[in-house]
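Coordinate analysis (summary)
Below, each chain spelled out in residue letters.
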Amino acid sequence: ESAALNTILANNYYTALPTIQDKNRLIIQAKKAIDLYDKSIKIYPSKGAYNEKATILYRVYNDVKAAEENYQKALKMDSAYHIARENLAIIYEETGRSEQSISTLKILLKKDPKRTYMYGRLAKQLSDKGEYDEAIKWLGYGLNENANNFEITLNKANVLYTMKQYDKAIKWYEKALQIQP
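Per chain, residues are indexed from 1 in the order of the written sequence. Where local features are concerned, this predicted model is filtered to residues with pLDDT of at least 70; where side-chain atom pairs are given and counted, the filter is 80 or more; whole-chain, interface and lining totals use all residues. Where side-chain values are given, they derive from all heavy atoms of the structure, hydrogens and water being excluded.

**A word on the overall build of the chain**
The helix count covers DSSP runs of H or I at least four residues long, the strand count covers runs of E at least two residues long, and both are numbered beginning at the N terminus. Looking only at helices and strands, the chain features 10 helices and 0 strands. Counted from the first residue to the last, the chain has its helices and strands arranged as α-α-α-α-α-α-α-α-α-α. Considering only C-alpha atoms, the chain reaches an extent of 65 × 35 × 25 Å along its principal axes. In this scheme, a residue with accessible area under 20% of its type's maximum is buried, one over 50% is exposed, and one in between is partly exposed, where area comes from a 1.4 Å probe on protein chains only. Taken over 181 residues, the chain has a buried fraction of 44%. Counting contacts in the chain only where the partners sit at least 6 residues apart, residues at least 24 apart contribute 47% of the total. Surface accessibility follows the Shrake-Rupley procedure with a 1.4 Å probe radius. Residue values consider only the protein chains on display as shielding. Element-wise, carbon and sulfur atoms account for 52% of the exposed surface of the chain, whose accessible area totals about 10,100 Å². Contacts: residue pairs with any heavy atoms within 4.5 Å of one another.

Quick look at the structure:
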């Protein structure tokens, strides 16, 4: 058997999952994809197969532990495989482990600062913990990567507003409006 063929077929099943409305069909399709990823991994382990398998395990079956293990396997194969680290941070956040999510996001953004959409996620979690100055600092890093990023600019305005720094917040809300009228 070919690892590549199993992975290609599994990827096709995986790609179709979001379009399936029927829960039973979704579970059957997800099981087929996982089985094919497992076959592929046995022949030739790949970070992509571990990552996609983990996403199915979490999103379809809500198997947090197995998903985390597979994301970790992908990262063990390639510590620069940032999509797995990103997915791991999301699991931590969604399962109420904000400290783990925050530390994972910080690692992710230090290694791959171009993932500007993740700065807002990190800032929100820091703000939820009352760490507003830290949130502002990380949003600043994001703005260094993309000074005209609407989401980061809006997030900065929101954090400043929460800090009751209204004059600064207004400035950043106005900047956000200039970026996206």
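The rest of the description comes next.
**A word on the nonpolar core**
Put simply, a nonpolar core is a bunch of buried Ala, Val, Leu, Ile, Met, Phe, Trp, Tyr and Cys residues held in one set by side-chain atoms that sit within 4.5 Å of each other. Grouped together as the largest cluster of nonpolar side chains are 28 residues, with contacts concentrated most on L17, Y37, I56, V60, A67, Y71 and A84. For this core, the elements supplying multiple residues, two or more each, are α1 (3-16), α2 (23-43), α3 (47-59), α4 (64-77) and α5 (82-94). Not counting the four nearest positions on each side in its chain, L17 is found in contact with L26, Q29, A30, I56 and V60. If you look at the next biggest cluster of nonpolar residues, it comprises 22 residues, including A89, A135, A169 and W172.

**Details of the side chain of Q125**
Looking at the element boundaries, Q125 is found in helix α7 (residues 117-128). For Q125, a relative accessible area of 5% puts it in the buried group. Pairs of N or O atoms are called polar contacts if they sit within 3.5 Å, as long as, within protein, a hydrogen donor faces a hydrogen acceptor (for residues adjacent in sequence, only side-chain-to-side-chain pairs). A distance of 3.4 Å separates a polar atom in the side chain of Q125 from a polar atom in the side chain of E93. Setting aside its immediate chain neighbours within four residues, Q125 contacts E93, S98, S101, I102 and L105.

**With respect to the pattern of salt bridges**
A pair is scored as a salt bridge if a Lys or Arg side-chain nitrogen falls within 4 Å of a carboxyl oxygen belonging to Asp or Glu. By the definition in use, this model includes 14 salt bridges. For D128, the salt bridge goes to K124, with nearest N and O atoms at 2.8 Å. You can see D128 and its partner K124 sitting in helix α7, 4 residues apart, about one turn around the helix. For D128, a relative accessible area of 56% gives the class exposed. Classification of K124 as partly exposed rests on a relative accessible area of 49%. Where salt bridges share partners, they join E86, D112 and R115 into one cluster.

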